[in-house]
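Below are the chains, spelled out letter by letter.
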Amino acid sequence: MDRRRLACAGATVLALALLSGCTGSKEQPQTPGLEARGTVLTTVKPTRQDLSNQISLAGKVTINPVFGIVAPTDGELRYVDRQPSQTPATRPMWVATVWRGGEPRRVEIPKDSLLAGRLMDDHADVTKGMPVISAQHAGYGIVADVDSEQAYRIAGAVKSVKGQIKNGPGPFTCTTLGTIAALPAGTIPAPPPPKTPAPQQSGQPAATEAPEAPEAPESGGSEPTGMRLVCAAPDTVKLINGAAVTLQVVTAKAGNAMVLPVEAVAGVQGRGKVDVVGADRTRRTVDVVLGLTDGKVVQIKSGLRGDETVAVPGPDLPAAPPGGENPEGGPSGAPR
């Protein structure tokens, strides 16, 4: 019995030794780990390219669209006595003058358009860029509605417009007409009443009545409009009233601009921030001045030399307190 017990104990010890030899080694298997928090994994360097800021608008072909003409300067507005006509102007037509410091500045409606109405009172004080006249393009034009967010990107900055008619002609250059600002109702003053003939002295023959002058065409002025862009296609482009059109509006261009991917930049137009990565892989947040963007890259106007290594994604902007707004008027902490 004792020998049997000793034999079993020996076998048990041998099995444990064999098991220990199989599982015990100097190199233990390593569990896949994560990089330390804050380690920069993706970086980019600034590059240079030609850049244009483009906005896409949905429009349609319209007959005789109305557009606005603005004051060229601050001053006092004085209208020229013009009555409505059914014939488009064959050359730019003078319709008003803005006087400032004794100097006149003409307001004209373009060729191939009609006077549609006055938007201000005669002798009113106006500011530069204020719509003062409504005009009507004679024939087909293209009209695209503009919302308030797009308005500030387009106003006063349209460099060129190209149009593409859905399932139709294009792309073609579309000539912009007037301003994108919303227009109030335009008015046309009534013509002055005819002069009453003077009473005749007794014994003198009665004066012969002069023939009545032909009445000027009646016009109720123009209807109010929302913000919209109006442009005219070349005569060679066939247009169909109501056809859908896509307009590509270029508002600015920059040549050989320093750019970064939009994912590497925090901020909006004007000011922004990027994280510059040092040799030790640490981040340093830097303020930059932003320029144009095409939705993929954004122009860096200043703040970087151009040889830095920049982290992607860019820094997070601080969250805004409830109801807080940043000085630019938008929500604080808004992502790019």
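None of these values were measured; they are calculated from a predicted model.

So, about the overall build of the chain. On a plain count of helices and strands, the chain comes out with two helices and 20 strands. A total of 336 residues make up the chain; the buried ones form 32% of that total. If you take every contact in the chain between residues at least 6 apart in sequence, the share linking residues at least 24 apart comes to 74%. By element, 53% of the accessible surface of the chain is carried by carbon and sulfur atoms, the whole surface being about 21,900 Å².

This part covers the pattern of salt bridges. Under the defined criterion, the tally for this structure stands at seven salt bridges. Between K111 and D112 there is a salt bridge whose closest N-O contact spans 3.2 Å. What makes D112 partly exposed here is its relative accessible area of 34%. Across the pair D307 and R305 runs a salt bridge, and its minimum N-O distance is 3.1 Å. Three or more residues are tied together by salt bridges with common partners; here these are R305, D307 and E308.

Looking at where G291 falls in the secondary structure, it is placed in strand 18 (residues 283–293). Using a relative accessible area of 17% as the deciding quantity, one classes G291 as buried. As for G291 and M258, which are separated by 33 residues in sequence, their C-alpha atoms are 9.6 Å apart. If we skip the residues at most four places from it in the chain, G291 touches V298, Q299 and K301.

With that settled, the discussion passes to the pairing of strand 17 (residues 271–277). Of all seven residues making up strand 17, five are buried, and the element is well covered by its neighbours. Across two bridges, strand 16 (residues 266–267) lies against strand 17 in antiparallel orientation. Each residue of the ladder has a partner; that of G267, found in strand 17, is G272. With seven bridges connecting them, strand 17 and strand 18 associate as antiparallel partners. Within strand 18, the residue paired with R271 across the bridge is V289. Here strand 17 folds back onto strand 18 in antiparallel fashion, the turn holding five residues, of which R281 has a positive phi close to 70°.

Residues L57, I142, L229 and L247 are the most contacted members of the largest nonpolar core, which totals 21 residues. Elements represented by at least two residues in this core include exactly strand 2 (47–63), strand 10 (140–145), helix 2 (148–154), strand 11 (160–165), strand 14 (228–232) and strand 15 (244–261). Not counting the four nearest positions on each side in its chain, L57 is found in contact with A144, D145, V146, Q150, I154, L229, V245, T246, L247 and V249. Of all hydrophobic cores here, the second largest spans 20 residues; its members include V107, L115, V126 and L177.

Moving on, we come to the sheet that holds strand 9 (residues 131–137). Pairing between the strands of a sheet comes from backbone hydrogen bonds, and it takes one of two forms, parallel or antiparallel. The sheet built from three strands is open, its strands ordered 3-9-7 with antiparallel pairing. Each edge of the open sheet carries a strand with a single partner, namely strand 3 (66–70) and strand 7 (113–118). Strand-to-strand twist in this sheet, taken as the mean axis angle between neighbours without regard to direction, amounts to 35°. Here strand 3 runs beside strand 9; their pairing, made up of five bridges, is antiparallel. Residue pairing across strands places G68 opposite S134, the latter belonging to strand 9.

Tallied over the entire structure, the rule returns one disulfide. The disulfide partner of C174 is C231, and the S-S distance across this bridge is 2.1 Å. Measuring handedness by torsion sign, the sulfur bridge of C174 and C231 sits at about 85° and is right-handed. Taken together, the positions of C174 in the loop between strand 12 (172–173) and strand 13 (175–177) and C231 in strand 14 put the pair 57 residues apart, joining distant regions of the chain. On the basis of relative accessibility, which here comes to 4%, the residue C174 falls in the buried class.

Mapped onto the elements, Q150 comes out in helix 2. Owing to a relative accessible area of 19%, Q150 belongs among the buried residues under this scheme. Q150 has contacts with I55, S56, L57 and D145, leaving out every residue within four places of it along the chain.

What follows covers the pairing of strand 18. Strand direction decides the pairing type here: strand 18 and strand 19 (residues 297–302), joined by three bridges, are antiparallel. Note on strand 19: the bridge partner recorded for L290 is I300. Hairpin connection between strand 18 and strand 19: a loop of three residues separates the two successive antiparallel strands, and G295 in this loop has a positive phi of roughly 95°.

The strand order across the open sheet formed by four strands is 6-5-4-8, and the pairing between neighbours is antiparallel. Only two strands of the sheet have a single neighbouring strand rather than two, namely strand 6 (103–109) and strand 8 (125–126). Bridge count for strand 4 (residues 75–79) against strand 8 is two bridges, and the pairing is antiparallel. Within the sheet, the bridge partner assigned to G75 lies in strand 8 and is V126.

Definitions and limits used
- Residues numbered from 1 in each chain as written.
- Predicted model: local features only at pLDDT ≥ 70, side-chain atom pairs only at ≥ 80, totals over all residues.
- Heavy atoms only, no water.
- Helix = DSSP H or I, 4+ residues; strand = E, 2+ residues; numbered from the N terminus.
- Buried < 20%, exposed > 50% of the residue type's maximum accessible area, 1.4 Å probe, protein only.
- Contact = heavy atoms within 4.5 Å.
- Areas by Shrake-Rupley, 256 points an atom, 1.4 Å probe, with all protein chains shown as cover.
- Salt bridge = Lys/Arg side-chain N within 4 Å of Asp/Glu carboxyl O.
- Pairing = 2+ DSSP bridges.
- Core = buried A, V, L, I, M, F, W, Y, C linked by side-chain atoms within 4.5 Å.
- Axes fitted to C-alpha atoms, helices over the stretch in contact; angles between N-to-C directions.
- Disulfide = S-S within 2.5 Å.

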